[in-house]
Each structure stands twice: as C-alpha cells, then as structure tokens.
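Topology and contacts: notes
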Amino acid sequence: MKTISVLGSTGSIGTQTLDVVRRNGDIQVTALAAGSNIALLEKQIREFSPKVVCVWEEEKAKELRQSTADCQITVVSGMDGLIEAATEASAQMVVTAVVGMIGIRPTIAAMEAGKDIALANKETLVTAGHIIMKLAAEKGVRILPVDSEHSAIFQCLNGEREHGNQIHKILLTASGGPFRGWTREQMKGIRPEDALKHPNWSMGHKITIDSSTMVNKGLEVMEAKWLFGVTMDQVQVVVQPQSIIHSMVEFEDGAVIAQLGTPDMKLPIQYALYYPSRRFLSGERLDFWNLTNIRFEQPDLENFRGLWLAYQAGKAGGTMPAVLNAANELAVRKFLNRQIPYLTIIDMIEESMNAHKKKENPTVNEILDAEKETYELIESRW
Ligand code: NDP
Ligand code: MG
C-alpha cells in the first residue's frame, strides 16, 4: 500500500486529494497539515487515521489535541511541525498543497528524506526551482506535477524524452480568466467577489485571484521552465477560453501533442498519485459531438501586465521570481481584505521588482530574505 502525507489537506487540492484516496481505497494517509481549519482536520483524522497532524498555530493545535484525545495521533504546530508532517517516516510521497512560499522548507525537507513530491504548490518551484530540481536529481526523487497544465505537458511527454526527442516548445494554455478582453480602465473597479468568479475552475481564493490577473499563468511559465528544463522563450502562452486543452507540446518535427479533458483537478491529482498507472475516474467526460467551439487567442500582455512581468522575472532569474511572487502574495491578501484596489496588485509587483537588487543562485535563506524585503517595501510604500 502506498503511503502519503498531505500538506494543505483542508484546501481545494487537499480535499480533492483525499477524495481520490477515498475513492480508490488503497492509499494510506500518514500525515496531514493545515493552517487553522481544525473542524475539518478533525473529520479527516477520524476518517484517515494519520499518525502526525500539523496545525500552523499552536493555539489551534492545543484545541485539536483536546478534541482528538481519543485518537492515536501526534499533533504538532508551526514550521517544525510542518516539516515533521512532510518527513513522517512511513510516507513515500508528499502532496504539497499548501499555498505560497511557506511550502519551500517542507518540500526540501521531504526530498532530503527521499520522498517523491506530488507538487501543487507552484510558488515553491517558482522561487526555489534551482534548488528543488538539483535536489531531486541528487536524491533520485520524483517531482510529479499536479497543476493541470503541467500534468498535461507531463502526459504529452510520456516516453518522448527517453527516446531522445527534445521539446521544441511548450504551448501552455490559459482560460484568460473572468476579465479576458477587458481594458485596464474597465478593471479599475473590480471587487474581490468579481475576481473570485472563475469561468471554468473552482479553486482556493489566492489562485483564483492569480488566474484573474494572469499572474497565475506567469507563475506557471516559470514552473514549466523548471519542471521540463526549457527556457522562458520556449513556453508560449495560448489563451483557450473553454479550458478543454490543458496544454500541448510541440516537438522538433512540428508535431503537436495535446492533452484534453474536462476541467477536473482529480485527474491530474490521481495521475500524480498513481503514476505511471491510469485508474478509472468517474465524472463528466468530453463529448466531441457537442464540442462545437475550441478557440485560441494570443494573451493580452498590455492589459494583463502581470504575465509580462512574470516573463521578465523568469528571464532575470536569481531572487527576482521570489520578489514577484512575494509581492503578489501580499498584494492579493490586501486586495482580498479590501485594503487596495485591484490594479494595485500589479503596481506592487512592478515597483517591488524595480526596487530589487537581484542575487544570483540564492540559498533558501536568501530567497526568504528577498520575501521579507519585499514585504517591508510594500508596507512602507502603501
Ligand atoms: P487553498 O487556499 O484552497 O488551500 C490551502 C491549504 O493550505 C489549506 O489546507 C490551508 O489550511 C493550508 N495552509 C494555509 N496556510 C498554512 C500554513 N501556514 N501551514 C499549513 N497549511 C497551511 O489553496 P488551493 O488548494 O487552491 O491551492 C494550493 C496550492 O496548489 C497553491 O500553491 C496553488 O497555486 C496550487 N494549485 C491549486 C489548484 C486548484 O485547483 N486549487 C490548481 C493548480 C495549482 P486552512 O484551510 O486551515 O487555511
Ligand atoms: Mg494551472
């Protein structure tokens, strides 16, 4: 029986991961971690019987210890606890579904302990890709993408590179989000409730806002660069509003291989958990007799400047992607708390990048210093 640890078990990806586990019935969950949702954590503990459970805040961890006193579990907290959940001895694979750069340290700790990673937490690859990919090679651990586009690319590549075939380019598809076709002038008054309405996918709040600004697609270009060893210029973003084609790979001979499906994250999650096997997955299937309309568009880099900035950050490398990502994380939090207007998210990213003195090949501490520096700059200017 395969044994996994799920970091971010109460979130959108975390709950869908546990749903896949529940449906298949042949994976053991040995550790769970979440931020503060102890009510749901308790239900998950009673259903999946993990050994270790981490709650970020110690106060909440205390409450959970009391309410689960009849269960055989260890409840831990904070970053040490998150690392303990990521490195639980019997786990073979860690599903990283926490949101944000908080995922860097536990992901590295899990890899150092020899665990495969089912990676949803893209912020870790965006900011520390050079460390993660090197470590994966050194430790011989697998990084299996959960992000739907990267899972699609991974599926398109199946076997190709083992035959010596190179990627000519990656065609990374994007829905364009709820504001596709809008001008900056029209975007001025966007409120959190407007931006939280994604046309095709149901996801956590942070990534839903990122999808609306297309910063998510920018993060995904960087994620693809690290996962598949290509340059930023080899990743072409293609808007495909229906989210039916999850991404494509063009090879040297011009052949393009695509992966298609309904927008359901359980497919990439299950593929990562069972790779290289494909299991039955219930749910809606594509009906090609009724697919009358698959359209493609070029992304609008003028009105969706966040995507353009991400290309600049990815090409600059070093600590620059960490600055873009940290500025975005803080700005999105402020926007969701109604402290700043929508377009200020992009201004905060741009000003943080302009003010930053880039460090090449940063260590984890230098990446986290860049995050802190960015937070301080934003707090001092806005
Ligand atoms: P959610 O906001 O739905 O869930 C985040 C999870 O992380 C929750 O379980 C949350 O706990 C937990 N968490 C938050 N802070 C901490 C902390 N300090 N310590 C431990 N756990 C914490 O996010 P998503 O599931 O949408 O996204 C997770 C990751 O996956 C992101 O990196 C996102 O970009 C990526 N992703 C998501 C997709 C999706 O469809 N949702 C698609 C592709 C990628 P609590 O509930 O207690 O707050
Ligand atoms: Mg995605």
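A short tour of the structure in this document, coming up. Keep in mind it's a predicted model, so treat the numbers as computed, not measured.

Glancing now at the coordination of the magnesium ion (ligand 2). Looking at the magnesium ion (ligand 2), one finds its protein donor set to be Asp147 (OD), Glu149 (OE) and Glu220 (OE), positioned 2.1 to 2.2 Å from the metal centre. Here the donor residues of the magnesium ion (ligand 2) share one chain and are spaced in sequence as D-x1-E-x70-E. Glutamate 149 shares its class with aspartate 147; the two are buried.

So, about the packing of aromatic side chains. According to the stated counting rule, one finds six aromatic pairs in the structure shown. For the pair phenylalanine 179 and tryptophan 182, a centre-to-centre distance of 4.8 Å together with 55° between the ring planes defines the contact as tilted. With a centroid separation of 5.7 Å and an interplanar angle of 70°, the aromatic rings of tyrosine 271 and tyrosine 275 are classed as edge-to-face. The pair tyrosine 271 / tyrosine 275 is uniform in exposure class, with both members buried. Here a set of aromatic residues connected by ring pairs shows up, and it is made of Phe179, Trp182, Phe335 and Tyr342. It is arginine 279 that lies over the ring of tyrosine 274; its NZ or CZ is 4.0 Å from the centre.

Bringing the site of ligand 1 into the picture now. Around ligand 1, a shell composed of 25 residues is seen, among which Thr10, Ser12, Ser36, Asn37 and Glu123 lie nearest. The backbone of isoleucine 13 places a nitrogen or oxygen atom 2.9 Å from an oxygen atom of ligand 1. Taking glycine 204, its main chain carries an N or O atom lying 2.9 Å from an oxygen atom of ligand 1. Within the complex, the protein chains bury 86% of what would otherwise be the 900 Å² of accessible surface of ligand 1. Elements that contribute at least two residues to the shell around ligand 1 include exactly helix H1 (12-24) and helix H6 (122-139). Residue composition of the shell around ligand 1, by class: 12 nonpolar, 10 polar and three charged.

Right, let's get into the sheet that holds strand S11 (residues 256-260). Within the open sheet, the four strands sit side by side as S9-S8-S10-S11. Their pairing is mixed. Each edge of the open sheet is held by one strand with a lone partner, namely strand S9 (235-239) and S11. Each neighbouring strand pair of the sheet contributes to a mean axis angle of 20°, computed without reference to strand direction. Where helix H7 (residues 148-156) meets the sheet, it contacts strand S8 (167-174), strand S10 (245-251) and S11, and its direction lies at approximately 40° from that of S10.

The next subject is the nonpolar core. If you look at the biggest cluster of nonpolar residues, it comprises 119 residues, and the most contacted ones within it are Leu273 and Ile345. Looking at which element gives the most residues to this core, the answer is helix H14 (residues 320-336), with 10 residues. Dropping the residues within four chain positions of it, leucine 273 is found in contact with Lys2, Ile4, Thr17, Val20, Val21, Ile27, Met93 and Val95.

Taken in spatial order, the seven strands of this open sheet run S4-S3-S2-S1-S5-S6-S7, and their pairing is parallel. Each edge of the open sheet carries a strand with a single partner, namely strand S4 (74-77) and strand S7 (143-145). On average, adjacent strands in this sheet sit at an angle of 20° to one another, irrespective of strand direction. In this structure, strand S1 (residues 2-7) lies alongside strand S2 (residues 27-34), joined through six bridges in parallel fashion. Residue pairing for S2: threonine 3 is matched across the bridge by glutamine 28. Strands S1, S2 and strand S5 (93-96) of the sheet are contacted by H1, whose axis makes an angle of about 160° with S1. The strands touched by helix H2 (residues 38-48) are S2 and strand S3 (52-55); relative to S2, the strand with the most contacts, the crossing angle is about 165°.

Let us now look at the packing of H1 against helix H12 (residues 266-274). Packing of H1 against H12 brings their axes to within 10 Å, and their N-to-C directions diverge by 65°. Like other packed secondary-structure pairs, H1 and H12 cross with a definite hand, here right-handed. Contact residues: Ile13, Gln16, Thr17, Asp19, Val20, Val21, Arg23 and Asn24 in H1; Lys266, Ile269, Gln270, Leu273 and Tyr274 in H12. When its residues are assigned to classes, the contact of H1 with H12 shows six nonpolar, four polar and three charged.

Next up on the list: unusual backbone geometry. Here tyrosine 275 and proline 276 are connected by a cis peptide whose omega angle stands at 5°. Relative to the helices and strands, proline 276 resides in the loop between H12 and helix H13 (305-316). Look at arginine 338: it is not a glycine, yet its phi comes out positive at around 60°. Positionally, arginine 338 belongs in the loop between H14 and helix H15 (344-355). The phi torsion at asparagine 361 lies on the positive side, around 45°, for a residue other than glycine. Structurally, asparagine 361 is set in the loop between H15 and helix H16 (364-381). In this structure asparagine 361 comes out as exposed when scored by relative accessible area, which is 62%.

Calculation rules
Residues numbered from 1 in each chain as written. Chains lettered and ligands numbered in written order. Predicted model: local features only at pLDDT ≥ 70, side-chain atom pairs only at ≥ 80, totals over all residues. Heavy atoms only, no water. Donors = N, O, S within 2.8 Å, 3.2 Å for Na, K, Ca; no water. Buried < 20%, exposed > 50% of the residue type's maximum accessible area, 1.4 Å probe, protein only. Phe/Tyr/Trp six-rings, centres within 6.5 Å; stacked < 30°, edge-to-face > 60°. Lys NZ or Arg CZ within 6 Å of the ring centre and 35° of its normal. Near = heavy atom within 4 Å. Polar contact = N/O pair within 3.5 Å; in protein donor to acceptor, adjacent residues only side chain to side chain. Areas by Shrake-Rupley, 256 points an atom, 1.4 Å probe, with all protein chains shown as cover. Helix = DSSP H or I, 4+ residues; strand = E, 2+ residues; numbered from the N terminus. Nonpolar A, V, L, I, M, F, W, Y, C, P; charged D, E, K, R; others polar. Pairing = 2+ DSSP bridges. Axes fitted to C-alpha atoms, helices over the stretch in contact; angles between N-to-C directions. Contact = heavy atoms within 4.5 Å. Core = buried A, V, L, I, M, F, W, Y, C linked by side-chain atoms within 4.5 Å. Left-handed = near helix turned anticlockwise from the far one by under 90°.

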